[in-house]
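# Descriptive structure summary
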Amino acid sequence: MPMSNNGKEQEIKNYWERNNIGQSILGLLVAEGKDLDKLTVEDLAQMDHFHTGGKVATVTLAKLANLERGMRVLDVGGGLGGAARTLAIEFGCYVTTIDLTKSYVDTAEMLTTMLRLNDQVKHYVGNALELPFDKSSFDVVWTQNSGMNISNKEQLYAGFHQVLREKGLLVFQEPMAGIIHPPIFPLMWASDESNSFLLTSTEMCKLIEKSGFHMQCWNDFTEKTSKPNPINKNTIQYLIMGEQLKLILESNHRNSNEDRVVMVQAVFQRI
Ligand SMILES: C[S@@+](CC[C@H](N)C(=O)[O-])C[C@H]1O[C@@H](n2cnc3c(N)ncnc32)[C@H](O)[C@@H]1O
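Each chain has its residues counted from 1, running along the sequence as written. Restriction of local features to residues with pLDDT of at least 70 applies here, the model being predicted, together with a cutoff of 80 or more for giving and counting side-chain atom pairs; totals for whole chains, interfaces and linings are based on all residues. To get the side-chain values, all heavy atoms of the structure are used, and hydrogens and water are removed first.

### Structural notes on the overall build of the protein chain
- Secondary structure counts use DSSP, requiring at least four H or I residues in a row for a helix and at least two E residues in a row for a strand, with both numbered from the N terminus. A tally of regular secondary structure across the protein chain gives ten helices and seven strands.
- Here the C-alpha atoms of the protein chain give a radius of gyration of 17 Å, agreeing with the 18 Å that 2.2 N^0.38 yields for 271 residues.
- Counting only C-alpha atoms, the protein chain reaches 50 × 40 × 35 Å along its principal axes.
- Burial classes: relative accessible area under 20% of the type maximum marks a residue as buried, over 50% as exposed, and values in between as partly exposed (1.4 Å probe, protein chains only). The 271 residues of the protein chain split such that 56% are buried.
- Contacts in the protein chain between residues far apart in sequence, at least 24 positions, make up 78% of those at least 6 positions apart.
- Note on areas: Shrake-Rupley with a 1.4 Å probe; residue coverage comes only from the protein chains shown. Working note: accessible area of the protein chain is about 12300 Å², and carbon and sulfur atoms make up 51% of it.
- Under the convention used here, Asp and Glu are negative, Lys and Arg are positive, and both His and the chain ends fall outside the count. For charged residues, the charge sits on one atom: NZ in Lys, CZ in Arg, CG in Asp, CD in Glu. In the protein chain, the 26 positive side-chain charges and the 32 negative ones have mean positions that sit 2 Å from each other. The globule rule used for comparison is 2.2 Å times the number of residues to the exponent 0.38, while the radius of gyration itself is calculated over C-alpha atoms. By definition, residues are in contact when any of their heavy atoms lie within 4.5 Å.

### Examining the side chain of Thr 96
- Secondary-structure assignment places Thr 96 in strand E2 (residues 94–99).
- Look past the residues within four positions of Thr 96 in its chain and what remains in contact with it is Val 73, Leu 74, Asp 75, Lys 122, Tyr 124, Phe 133 and Phe 138.

### What about the nonpolar core?
- Put simply, buried Ala, Val, Leu, Ile, Met, Phe, Trp, Tyr and Cys residues joined by side-chain atoms within 4.5 Å make one nonpolar core. Counting residues in each nonpolar core, the largest one holds 56 residues, and the members touching the most others are Leu 67, Leu 87, Trp 142 and Trp 189.
- Counting 27 residues, the second largest nonpolar core, distinct from the first, contains Ile 98, Leu 156, Leu 164 and Ile 208.

### Digging into the site of the ligand
- Neighbouring residues are identified by heavy atoms, a residue being near a molecule or strand if any of them is within 4 Å of it. Of all residues adjacent to the ligand, which total 21 residues, the nearest are Phe 50, His 51, Gly 77, Asp 99 and Thr 101.
- Pairing of N or O atoms within 3.5 Å defines a polar contact, subject to two protein rules: one partner must be a possible hydrogen donor and the other a possible acceptor, and residues neighboring in sequence count only if both atoms are side-chain atoms. Ser 146 places a side-chain nitrogen or oxygen 3.4 Å from a nitrogen atom of the ligand.
- Contact with the protein chains removes 98% of the 590 Å² of surface that the ligand exposes when unbound.
- Throughout this entry, Asp, Glu, Lys and Arg are counted as charged residues, while Ala, Val, Leu, Ile, Met, Phe, Trp, Tyr, Cys and Pro are counted as nonpolar. The remaining residues, Gly among them, count as polar. In the shell around the ligand, the residues fall into seven nonpolar, twelve polar and two charged.

### Examining unusual backbone geometry
- Pro 182 follows His 181 through a cis peptide bond whose omega is -10°.
- Within the secondary structure, Pro 182 is located in the loop between strand E5 (164–177) and helix H8 (201–210).
- At the junction of Phe 185 and Pro 186, the peptide bond is cis and its omega measures out at 0° in the coordinates.
- Positionally, Pro 186 belongs in the loop between E5 and H8.
- A positive phi angle is found at Asn 66, which is not glycine, with a value near 55°.
- If you trace the backbone, Asn 66 turns up in the loop between helix H4 (54–64) and strand E1 (72–76).

### Describing the pattern of salt bridges
- By salt bridge we mean one thing: a side-chain nitrogen of Lys or Arg within 4 Å of a carboxyl oxygen of Asp or Glu. A full pass over the atoms with the stated rule returns 13 salt bridges.
- Residue Lys 8 pairs with Glu 11 through a salt bridge whose shortest N-O separation is 3.5 Å.
- Residue Lys 8 is classed as buried on the basis of its relative accessible area, which comes to 12%.
- Accessibility expressed as a relative area gives 38% for Glu 11, which makes it partly exposed.
- Where Lys 246 meets Glu 250, a salt bridge forms, and the shortest distance between an N and an O atom there is 2.9 Å. Highlighted residues: Lys 246 and Glu 250, both in helix H10 (residues 244–257), separated by four residues, approximately one helical turn.
- Residue classification places Lys 246 among the partly exposed positions, given a relative accessible area of 47%.

### Focus: the sheet that holds strand E6 (residues 213–220)
- Here seven strands make up an open sheet; going across it, the order is E3-E2-E1-E4-E5-E7-E6 and the pairing mixed. Strands at the two margins of the open sheet, each flanked by one partner only, are strand E3 (121–125) and E6. Put simply, the sheet's adjacent strands are angled 15° from each other on average, direction ignored.
- In short, DSSP must find at least two bridges between two strands for them to pair. One ladder, built from five bridges, connects E1 with E2; its direction is parallel. From the neighbouring strand, Val 76 faces E2, where its bridge partner is Ile 98. As a rule, the C-alpha atoms of each element are fitted with a line to give its axis, helices using only the stretch in contact, and angles between N-to-C directions run from 0 to 180 degrees.

Next comes the structure, spelled out in structure tokens:
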């Protein structure tokens, strides 16, 4: 594979990859009393939305972008497919996901099959920096909490521009660098600074506009709380991070409260 993210693909994959993630999710759903033959996107939400704000944030972002029935959406870094299935069921979109981590994509396929959505939602293993899709093949490029491991953001946004049709939408949720540096580690996406590549909101905005997009909406929804969020063991965050999640939640709390990391939802239109 070409070294298009400073040769970091393998390291990033190793960071996220987990064996038997699909079986673990099913085990937890059964333990919660869910009927595996009648699963809904709501039943899965704690297990397949691996980003700040969970399914609520996905729905908020989709409404911000005015997503409509029949739109062709590419979800980059789509993980376990929670957003993809939500956009399919609740917004009527046709969604393709691409993600570096094979065990997540396998799990995404399994859950999509269980919800009988295979005609509407497809999942692929691949690198966001080498999108294997035709020019102008999507109405929307969607990405949630996935660009933080990618240093070559010029290449990333150039790729988004390439696969979007003219006037198509780039819709994203991303952590970005705040005004105080560096962030406190461990973060959800990196245990130290070697695999975390955050730009400030101003830098991101400039870079995206330079890549051929026009901003429609920018919403900083960083949450400052008096205490770190408590650990919930029935979540994808705990399943992937285990006991390390406690430290991550403590860092999150400091990063938000000390203006080290901000969370942004935004919509841009391709020129
Ligand atoms: C925190 S998870 C978010 C997953 C999903 N977007 C969600 O919100 O549920 C970050 C994801 O980014 C993916 N990722 C990181 N770097 C990537 C790259 N270069 N290409 C594709 N996926 C990548 C990881 O494999 C992981 O699934």
